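Coordinate inspection notes
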Amino acid sequence: MSFLASSRGRLLRELSRRRASRLQRQGVHAAFVRRYSVHHFDAAEQAVEPPAPAPPVSLAKSLASLAEESAEAVQRQRKPLTRMERKRLAELRIKKRVKAQYLNGKFYDLMGKVVATAETLADAYDIVRLNSNVDLASAKDDVCFVTLAEQLRSGEFDVRANAFSVVAKRRGGEGCLVLPRLNLKVVQEAIRVVLEVVYRPQFSKISHGCRSGRGYHSALRFISDEIGVPDWCFTVPLHKEVDSNVNSKLISLIQEKIEDTQLVAFMQKMFDAKVINLVFGGYPKGHGLPQEGVLAPILMNIYLDSFDHEVFRICLRHEGLGSEATDGSEDHGSNLRRWFRSQLKGRDENSEDQTDCQTKIKLYACRYMDEVFVAVSGSRDVAEDMKSEIVAYLRKSLYLEVDDRLRLMPVKRTLRGLQFCGVVVRVETKENAKLKAVHKLKDKIGLFASQKQEIWDAMNLRVGKKWLAYGLRRIKESEIKPLGLSTPLLDHIAKFRKEGMKTDHWFKTLLKVWMQDVNAKNELNEDVLLSKYIAEPALAQDLRDAFYNFQKQAKDYISSETAATEALLSNLKSEESISTCTDGGIIKIHAPLSYIQKCLHRYGIINLEGFPRHVSALVLQDDELIVSWFAGIVHRWIRWFSEVDNFNELQLMFVECVRKSCIRTLSAKYRMYEKLTEKRFELDDHGIPMVEDFEATIKPLESCYALASTDEALMYGISSSGLFVLTLSRVRVPSRQFNCFVMGCQSASPSMYALHVKEKQRFPGWRTGFSSSIHESLDGRRIGLCTQHVKDLYLGHISLQSVDFGSLVR
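Per-chain numbering applies: the sequence of each chain, read as written, is numbered from 1 onward. Two thresholds apply to this predicted model, a pLDDT of at least 70 for residue-level local features and 80 or more for giving and counting side-chain atom pairs, whereas whole-chain, interface and lining totals are computed over all residues. Note that the side-chain values use all heavy atoms of the structure and ignore hydrogens as well as water.

**Some details on the overall build of the protein**
- Of the regular secondary structure elements, the protein holds 27 helices and 17 strands.
- Type-normalised accessible area, obtained with a 1.4 Å probe on protein chains alone, sets the label of each residue: buried when under 20%, exposed when over 50%, and partly exposed for intermediate values. The burial tally for the protein puts 46% of its 810 residues in the buried class.
- Between two residues, a contact is recorded if the distance between any of their heavy atoms is within 4.5 Å. Considering only intrachain contacts with a sequence separation of at least 6, the fraction spanning at least 24 residues in the protein is 75%. Helix and strand definitions follow DSSP, with helices as H or I runs of at least four residues and strands as E runs of at least two, each counted in order from the N terminus.

The structure is reproduced here in structure tokens:
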């Protein structure tokens, strides 16, 4: 009986398992299936042995347990938050505390109630660690936020004691840079978030720097898509360090929105200690360099926000008083503005001249931090007036210095373009449909003729090479003797032949004399020599005449179509001048390829001739770091130039220069052939693709960078951090142990690294992914980094703002 009972129990358990799996396939909730299987198994056990009586479970309790189990399953399936999402959450917590201090159009007591609190300082410390790409669950620094908050509230916090001065070695004490230590860095982050909460909503649409939804790419899209083709354009080169006038003006602008004497006094202390490195001009912003500082972006936007509003006032004055409405389909102005113009001109609103489009005035402006781009549609006098008003306001009201070499540039006659935000803005002619069809036909015929020429040259070269190989193999002494020296050429060669000379020497002498007769040194290469003087004379005369006649006809047709195209172009221009006021131009954004090539040479990636070479400064580093250094170049270029119009040319530079230089660097390290190195290291997995695999490899990177580019407020200075060269440097005292100099990181530093920068600080400068304007005092500075943060610096995951340069002297 016991055997039968056990067999029956196994059978019931198997049936229960099958029913549970069937219910799960039919879409029944997992918790219910589990409860059903347990219940059915209990029923099976009851059939074998009568169980002990169990207390009944209510329906409400069963449903509650199902909801808890479902919530746990959803929590397990949820993706972990990224570091930028965690940063946003920390900023939102501070934002709630700031909004609680708003009353009657102003914010009150932000220093005592928001900044000088342990909760805000802890959130700011987390933001510092997230910017340094440090896991929040790892070991933390020994910072007491309660004590730090008490020092801020009482005014006992010493700004100068929490700062570090870096002095340039070459100039003594002239090139000095003051950088914050960890405690002051945390306070600056808290103040930055507070100021952004207060001022970011009031910034105008002209500003594109360090804002959510606006950044570097939005500025370029505004210029290429929304401006159209203006008549005049210029950039405003600013250069000014913070002095007493700028300082007092900035403090007054802050006091317009914030009523807090403690915050203003603390800001003044940081200005006096020169720890706020606020410089207008001097170097291009956005690289995440230490001289930019944490507070520089928001303070610069606050200071230049009045300039943005002044541009709107200038625009309204000139557009309302001095412009005429054009075609109703193109005039996007309001009815009130059109009525106002008609009343000023003393004419009817509907009787405006529809054909005169030269009097339409329009002002466009775009500002990315301290770089200003201005475009004007209208006459030169109007553009000069606008430029004078803009320069006067910057000099008199904002106390900024503007370069006297500022000139208006005619857009339609400027070939070199205008530099803005590290790219070249130029206008290119938009081809007409008829003109494009003519060019397409010419290109097809030219391509067909060139293909036939290549086939002709290749076949002749093949015949010439076979002739040369046949002569080297087949000419023997027995083949020369029957000739009997019957020709003048052989009689001439026989004079140079000595007794016992071998056949190959004899044939070389024959070739040497023949090459002197045809003057072979004047030819381009040996391929032309074999094709022109060996293969072609052996072909039939009719075949040669037919081929050259075809090439002549194709050339004549292309030249005749060129003349016809010029006549068609003049006719099209005359027709367009009657129908529209523009010449069909379009604004193009181009990456500075020539300057990028100079940067590649300066960093040792290519030589003077433009050929890739190995980077000797990286040979001593690990393989992963070497690949990450080159991958960082590619990633930065994708971030900066993903929307330029000459990205295809830049793509070839990715492969031809960066990829080959990486392969040659690894080959020089292991002293092996390049083909073996390329097979050993999978560079495509690190984002350094070949030409045919470029789109497939870069597409996931572009989607990842798209999120960073749309929210520059979170990624400013990180996604576009400049690249520099780090060389391995040994510490003189090996017994001394160093932690990583990155703020918030407690990992050990196995080695010291010397920072070598190829370019010093200057303006204006291009932004190409290289650190083109680092402060001179940091050149040659030694820092301790863990392996992970060396890689992060190479790839651009962190910037130099995360490095505490004062850790070495503690």
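After that view, the rundown keeps rolling.
**Comments concerning the sheet that holds strand β2 (residues 106-108)**
- Two strands are said to pair when DSSP picks up at least two bridges between them. What the three strands build is an open sheet, ordered β1-β2-β7; its pairing is mixed. With one partner strand each, in any of the chains shown, β1 (102-103) and β7 (258-259) form the two edges of the open sheet.
- Bridge count between β2 and β7: two bridges; the pairing is parallel. Residue Y108 lies in a different strand from β7, and its bridge partner there is E259.

**Observations concerning a nonpolar patch on the surface**
- A contiguous nonpolar surface patch, about 240 Å² in accessible area, is contributed by L81, L89 and L92.
- Mapped onto the secondary structure, L92 falls in helix α4 (residues 83-99).
- Judged by relative accessible area, which is 39%, L92 ranks as partly exposed. A residue counts toward a patch only above 30% relative accessible area and without a salt bridge, and it is joined to like-charged neighbours within 9 Å or, for Val, Leu, Ile, Met, Phe, Trp and Tyr, to nonpolar neighbours within 5 Å. The Shrake-Rupley method, run with a 1.4 Å probe sphere, supplies the accessible areas, and residue values consider only the shown protein chains as cover. Within this document, salt bridges are pairs made up of a side-chain nitrogen of Lys or Arg and a carboxyl oxygen of Asp or Glu, the two lying within 4 Å of each other.

**A look at the pattern of salt bridges**
- The tally for this structure, following the rule as stated, stands at 23 salt bridges.
- A salt bridge links R221 to E643; its shortest N-O distance comes to 2.7 Å. Of the two residues, R221 sits in helix α9 (residues 216-226) while E643 sits in the loop between α22 (623-641) and α23 (647-670), which places them 422 residues apart along the sequence.
- Given a relative accessible area of 39%, E643 falls into the partly exposed group.
- Between R367 and D308 there is a salt bridge, with the nearest N and O atoms lying 2.9 Å from each other.

**Let's talk about the packing of aromatic side chains**
- Any Phe, Tyr or Trp ring, taking Trp's six-membered ring, that has another such ring centre within 6.5 Å forms a pair; planes under 30 degrees apart are called stacked, those over 60 apart edge-to-face, and the others tilted. Here the structure, examined in full by the defined rule, presents 16 aromatic pairs.
- Here the aromatic rings of F448 and F550 are separated by 5.9 Å at their centres, their planes lie at 85 degrees, and the arrangement is edge-to-face. Residue F448 is located in helix α15 (residues 433-474), and its partner F550 is located in helix α20 (residues 541-579); the two are separated by 102 residues in the primary sequence.
- Looking at F550, the relative accessible area reads 31%, which means it is partly exposed.
- Considering the side-chain rings of F647 and F654, the 6.0 Å spacing of their centres and the 70 degrees angle between planes classify their relative orientation as edge-to-face. You'll find F647 and F654 in the same group, each marked buried.
- Cation placement over rings: the criterion is NZ of Lys or CZ of Arg within 6 Å of the ring centroid and within 35° of the ring normal. Above the face of the Y670 ring, R680 is positioned so that its terminal group lies 4.5 Å from the ring centre.

**Things to note about the pairing of strand β4 (residues 176-180)**
- For β4, the tally of buried residues reaches four of five residues, placing the bulk of the element in the interior.
- One ladder, built from five bridges, connects strand β3 (residues 163-167) with β4; its direction is antiparallel. Considered in β4, the bridge of V167 is made with C176.

**Considering the state of the cysteines**
- Note on disulfides: each one is a pair of cysteine sulfur atoms within 2.5 Å. Applying the stated criterion to the full structure yields zero disulfides.
- C740 takes part in no disulfide bond, and the closest cysteine sulfur, belonging to C786, lies 3.8 Å away.

**Regarding the side chain of D305**
- Tracing the chain through its elements places D305 in helix α12 (residues 296-322).
- Residue contacts for D305: discarding those within four places in its chain leaves Q202, F203 and S204.

**Brief notes about the sheet that holds strand β10 (residues 371-377)**
- One open sheet accounts for four strands, arranged β9-β10-β5-β11; its pairing is antiparallel. Pairing within the sheet leaves two strands with one partner each, and these edge strands are β9 (362-368) and β11 (409-410).
- Bridge count between strand β5 (residues 232-236) and β11: two bridges; the pairing is antiparallel. If you follow C233 over to β11, its bridge partner there is M409.

**Quick notes on α4**
- Expected helix span is given by 1.5 Å per residue-to-residue step, counting one fewer step than there are residues. Over its 17 residues, α4 runs 24 Å from end to end, which matches the ideal 24 Å to within 8%, given 1.5 Å per residue.
- Those residues of α4 that fall on the buried side of the exposure criterion are R83, M84, K87, A90, E91, I94 and V98. One side of α4 holds all its buried residues, which, seen down the axis, span an arc of 120 degrees. Residues of α4 that are exposed and point more than 90 degrees away from the buried face comprise K96 and K99.
- Its buried side turned inward, α4 meets β1, β2, α5 (110-115), α6 (118-131), α8 (182-199) and α26 (712-715). What the arc describes is the spread of directions from the helix axis to the C-beta atoms.

**Thoughts on the nonpolar core**
- As used in this record, nonpolar core signifies buried Ala, Val, Leu, Ile, Met, Phe, Trp, Tyr and Cys residues forming a set joined through side-chain atoms within 4.5 Å. Core analysis: the largest hydrophobic core is formed by 183 residues, its most contacted members being L299 and W629.
- Those residues in contact with L299 that lie beyond four places of it in its chain are L195, L250, I254, M267, F271, I276 and L278.

**A word on the packing of α4 against α8**
- In the contact formed by α4 and α8, the axes pass within 10 Å of each other and the chain directions differ by 65 degrees. As the angle between them shows, α4 and α8 are arranged roughly perpendicular. The two elements α4 and α8 cross, and the hand of that crossing is right-handed. Contacts between α4 and α8 involve K87, E91, I94, K95 and V98 from the former and R192, V193, V194, V197 and V198 from the latter.
- Note on residue categories: nonpolar means Ala, Val, Leu, Ile, Met, Phe, Trp, Tyr, Cys or Pro, charged means Asp, Glu, Lys or Arg, and polar means any other residue, Gly included. A class-by-class count of the residues in the contact of α4 with α8 yields six nonpolar, no polar and four charged. Every axis corresponds to a line fitted to the C-alpha atoms, with the helix fit spanning only the stretch in contact, and the corresponding angles, defined between N-to-C directions, vary from 0 to 180 degrees. For classification purposes, angles smaller than 35 degrees are called roughly parallel, those larger than 145 roughly antiparallel, those between 65 and 115 roughly perpendicular, and all remaining angles oblique. Handedness of a helix crossing follows the sense of rotation of the near helix relative to the far helix, less than a right angle counterclockwise being left-handed and clockwise being right-handed.

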